[in-house]
Amino acid sequence: MSRKRKQGHTGDAESANNLNLTCKGTGTKRKFEDEAVQNSTSGGRKKNKSQDIPIRKGAGRLTKFDDDDANEVSQEPIAITQNGKPTGASSSSSASLQPPSKVASKPPRNYHRSEGAEKFERKTQRHHESKGKFPSNTHNETKHNAPNPSIQLVKRRDALLPGRKSLPIWPHAESIRSALRKNNVLVLTGETGSGKSTQVPQFLTSEPWCTKCIAITQPRRVAAISLARRVAEEMGSLMGNQSPAAKVGYSVRFDNASGPNTRVKFLTEGMLLQEMLRDANLEQYSAIVVDEVHERSVNVDLILGFLKELVARGMGKRKHPLKVVIMSATADVDALVNFFDQNADSNTGSSANSADNSAATEPVDSKSVSKCFVEGRQYPVKMTYLPNPTQDWVESALKLIFQIHYKEPLPGDILVFLTGQDTIESLEKLVNDYAEGMDKDVPKLLALPLFAALPQHAQQRIFEPTPNRTRKVILATNIAETSVTVPGVRFVIDCGKSKIKQFRNRLGLESLLVKPISKSAAIQRKGRAGREAPGQCYRLYTEEGYAEMEERTTPEILRCDLSHAILTMKARGIDDVLSFPFLDRPPREALEKALLQLLHLGALTDTGSITESGSRIAKLPLTPTLGRVLVEAVEQDCLGDAIDIVSALSVENIFLNLVTEERKEEAEEARRELFRREGDHMTLLVTVQQYAEEHADRKLWCQKHFVSHRAMQNVMNIRKQLHEQCKRLGLSVSEERPPPSDAHTKAILHCLLKGFISNTARLMPDSSYRTLMGNQTVSIHPSSVIFGRKTEGIVFTEFVFTGKAWARGVSAVQLDWITEVVESIM
DNA sequence: GAGCACTGC
C-alpha cells in the first residue's frame, strides 16, 4: 500500500470529527474513490494490508452455522425451564458454538490469513474436527470413561424434551404424520425458528411406513453435522459410526458417520446426489426430507426433479412408497405444490389434504400433495428506509452506525451487510477512525469483519462475549444471511446489494457482479435483527427501491454452467434433458451449450447418450472438465500425476499471496525450486509431490515455501478420495511414477487439453492471446508463473472476467498439440 | 502487474 493512500486515510479520520451524523446530511468530506455499486472491479482502492495474505478463494470454514433449529432454542426467551435455568437445549446449543477457550482468550489482531495466522487456524481446525468424534460436543461427561453412557444419553434426552415440546412445530406433529399417511409428498413451510429440521424426522421414525432410514438433506456440511449431533442427543442415541445400534448419523464429504442401523441421516445435497447415482431408487430410504429448498442450489433443483420422477414412477418393488417432505422457509409453497402435483394427476386419485392448522380455510386444489405451514418465532423488526437513494452506501452505513450507537441503549449489536472484502475493510477502518474521536462517556464500538476468506479464528471473534460498555459492529458479506448466525444483533443495516456470479453462455466465462438483492434476501437480512429481541432494520435504499427488487433471488441453475448438472442427469438415465422437470427451466441456449461441452469432452455421444467415460466422470467429485482430465490420464499412463494436479486445482490457491515487496522477493526465491517453466500445472504437480514426500515436518515445509498448509491438507484429502474413487471405477494408478521428461510433461498437458480444449489461446502478432474457440482476447493473469512470457499457445483451467478477461492456471503448449486434440474431438 | 460473494462432491 502506498504512503499516499495512507495519508489519505488519516485525512479521513480528521474529517470524521466533523461528520454530520444525521441520515440526511451530506456533509462528509470523504469521497470514495470507487463505488462497487457501479462496478465491483474497476478502479479498486488499494487495501491497507500490512501482512502477507493468500489469494482469497474459498477459505475459512465455520464452526458456527445458521440453522433455525439448532439455534432457535438457545435464542428464544421461552427456552427457560421452570427452575429458572436455561433448558438443556439452550445451554447445549450455545455451548457447542463457542470457540475453544484458548482461541477465545487470545485472538491475533490481524485477520488476514498470514502464515502466522495459518498456524492458529490449524489448531482451531483440529479442535473442531476432533469434536466430531464424540457423541456430544457439549457434555464432557459423555465423552470419556462415562460410568454408563446409555444412562447419560437417556438423561440428556429427557432433559431436552421440554424444550422440544415448546417448539412451534411440536403441535403439528400429528397433522404432519397423517398428511404423509394419506399422501406421499408434503410441502412444509416453516419459518425461522420453527424447529422443522430437527423435529420432522423424529416425528416420522415410528410411522408404520417408515421401515428404513430417513434422509434429511442440507446445503452445508456444518449444518448436516450439527443437526445430526443435536438430533442424536434428543433421541438419546450415539452417532452412527460409534455404535452399531446408533440411530442417528450424517454423511458429508470426507466424513461418514452413519452405521447399519442409522434411522435418521443428515447429509449434504451433493452426497444424496452421489447416492442416487449408485442407488437409483433410493432403496435404503423410507423418506427423503429436503430442507432449505428456498436456497435453490443447483443440487436441490436436481434432487427435486429426480424425486418428482421417482414418486411418479411408483418405484416398482417397494413395499411402502417413498415419502418426500419438501421444507422451505419462504411462503412460495404453491410453486412447489404444483411441481409435485402435475405428475400425481395420472398417478393417484386421492383427495387433497391440507395439514395446515393455523391458516384459515385454504382452497384445496392439489391432488396428492399435502401442505403444512408452521409459524416461526421472530420478534418484530422496525423498518427504516432512506428518504433518497444513495450511491455511497459505505458512507451512509457509517453515519447510521454512529446514529444508532448514540441513540440506542446497550445491549444491541449492529450487523451491516456489505458486498465484499474491500468495502468491509474500508468501513472497518472508517468506524475505527471515527470511534477514536468519541467522547469518553459514550460506550465503545468494536468493528468486526466477517467474510468467508477470513481465517477461522478471526471469524470466531464475532462469537466472543462483548466487552463491557461496548457495542459490536459486524461488517459482513451475505455469509451472515444464511451460513452464520451472528448472536446479539438487534440492528441491521442492509446496503441492498450483493456480489453474484454470472455465467455467460456465449463466452463460456463467468464474472462476479455487484447486483441488487431480491426482496426475499432483504427480508432474510432484516430477520437477522429479530432473533433475540425486537429489533430495527435500516435499508440503505428507498421504499420504492425495495418495491423494484425482484421477488426472489434468481435460482443458481439459471445462472451457472450446466454441464455438471446435465452430466448428473444423463448418468441417472435421463435421456431427454430438455424435458427434465425443472422447477425453473434454464434457457434452451444454456442447456444446448452444456450438451455441446459434454460432447466435446467425450462424455456424451453425438446422439446425446452417455459414454462409458461419461459415467465415470459423473461419479468423480469433480467438474466434468477435471474429470475428463483424469479419464484421459488413464490412456496416457499418468493418472497419478493428473490426480495430484487436479487435487490442487480443486482447492483455493495453495500459494500464499504476498503483499510487501520484501516478502514477495523472499517467496520468489523460496519457491524457485517449485516453479516450472512449463506453467502453473507442472508447478502444482511439483508442489504436491514435494509436500507428499516431506515426512518430517510438512508445516515447516509450507512455511519455507510460502505455501498454505491448510490448503495442502485439503489437497491431500481430495487426492486420497480421488485415488479411492478411481480404484472403484476400475481406473488403475500405476505405482511407479515415470521420471520427469519432456514426453511425460507432454502427456500430462495432453490430458489437460482434452478437458480444457475450449480454454486454449494462441499468441497473436500484437503479443496478445486470442482463444481458439471464440477468438476472444485473454491475458495471462499476473499470478501465473508464466505471466509475461510469450509462448505460441496456452491452455488454462480458469477463465474469469474482472474488468478484463483473465486466464488463470496457465500452461504453455505447442499449437500442433492443440490441433491434435481438436482433431481427435471433432 | 491483478484482486474474488457463497456453497458442495
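Above this text you will find the structure in question.
Being a predicted model, the structure only gives us computed values, none of them experimental.

A. Highlighting the protein's contact with DNA strand B. In the region of DNA strand B, 33 residues are neighbours, and Arg-221, Ala-452, Asn-657, Thr-802 and Arg-808 sit closest. Each atom of DNA strand B within 4 Å of the protein was assigned to sugar, phosphate or base; sugar and phosphate come to 62%. Note that a phosphate oxygen of DNA strand B is positioned 3.4 Å from one of the side-chain N or O atoms of Trp-806. When residues of the surface near DNA strand B are traced back to their parent elements, those giving at least two are α10 (269-278), β15 (497-504) and β22 (805-813). Counting residues per element, the surface near DNA strand B draws most heavily on α10, which supplies three residues.

B. Structural context of the side chain of His-744. With respect to the secondary-structure elements, His-744 resides in helix α28 (residues 742-755). Those residues within four positions of His-744 in sequence are excluded, and the remaining contacts are Cys-638, Asp-641, Pro-738 and Pro-739.

C. Region of the structure containing the packing of aromatic side chains. With the rule as written, the count across this model stands at 10 aromatic pairs. Seen in terms of ring centroids, Phe-306 and Phe-580 are 5.6 Å apart; in terms of plane orientation they differ by 80°. Their pairing is edge-to-face. Of the two residues, Phe-306 sits in helix α11 (residues 298-313) while Phe-580 sits in the loop between α19 (563-571) and α20 (588-600), which places them 274 residues apart along the sequence. Given the relative accessible area of 1%, Phe-306 is considered buried. The exposure class of Phe-580 is buried, given its relative accessible area of 1%. Relative to Tyr-546, the ring of Tyr-385 has its centre 6.2 Å away and its plane inclined at 50°; by these criteria the two rings are tilted. Of this pair, Tyr-385 sits in strand β10 (residues 381-385) while Tyr-546 is found in helix α18 (residues 543-548), placing the two residues 161 residues apart along the sequence. Accessibility assignment for this pair places Tyr-385 and Tyr-546 in one class, buried. A cation over a ring is seen here: Arg-572 above Phe-306, with NZ or CZ 4.5 Å from the ring centre.

D. Examining the packing of helix α25 (residues 680-693) against helix α27 (residues 709-728) more closely. Interhelical geometry of α25 versus α27 gives an angle of 90° and a closest axis separation of 11 Å. Here α25 lies roughly perpendicular to α27, going by the angle between them. Taken together, the residues of α27 that come into contact with α25 (itself represented by Thr-687, Val-688, Tyr-691 and Ala-692) are His-709, Met-712, Gln-713, Val-715, Met-716 and Arg-719. Tallied by class, the residues present in the contact of α25 with α27 amount to six nonpolar, three polar and one charged.

E. Seen up close, unusual backbone geometry. Here the amide bond leading from Leu-410 into Pro-411 is cis, since omega sits at -5°, within 30 degrees of zero. If you trace the backbone, Pro-411 turns up in the loop between α13 (393-407) and β11 (413-417). The phi angle at Arg-296 is positive, at roughly 50°, despite the residue not being glycine. With a relative accessible area of 7%, Arg-296 lands in the buried category.

F. Summary view of the packing of helix α22 (residues 624-635) against helix α23 (residues 639-649). It is the contact of α22 with α23, at a shortest axis distance of 8 Å, that shows an interaxial angle of 170°. When the axes of α22 and α23 are compared, the pair comes out roughly antiparallel. Counting all contacts with α22, which are made through Leu-626, Val-629, Leu-630, Ala-633 and Val-634, the residues of α23 involved are Leu-639, Ala-642, Ile-643, Val-646 and Leu-649. Along the lines of polarity and charge, the residues of the contact of α22 with α23 split into 10 nonpolar, no polar and no charged.

What counts and what doesn't
- Residues numbered from 1 in each chain as written.
- Chains lettered and ligands numbered in written order.
- Predicted model: local features only at pLDDT ≥ 70, side-chain atom pairs only at ≥ 80, totals over all residues.
- Heavy atoms only, no water.
- Near = heavy atom within 4 Å.
- Polar contact = N/O pair within 3.5 Å; in protein donor to acceptor, adjacent residues only side chain to side chain.
- Helix = DSSP H or I, 4+ residues; strand = E, 2+ residues; numbered from the N terminus.
- Contact = heavy atoms within 4.5 Å.
- Phe/Tyr/Trp six-rings, centres within 6.5 Å; stacked < 30°, edge-to-face > 60°.
- Buried < 20%, exposed > 50% of the residue type's maximum accessible area, 1.4 Å probe, protein only.
- Lys NZ or Arg CZ within 6 Å of the ring centre and 35° of its normal.
- Axes fitted to C-alpha atoms, helices over the stretch in contact; angles between N-to-C directions.
- Parallel < 35°, antiparallel > 145°, perpendicular 65-115°, else oblique.
- Nonpolar A, V, L, I, M, F, W, Y, C, P; charged D, E, K, R; others polar.

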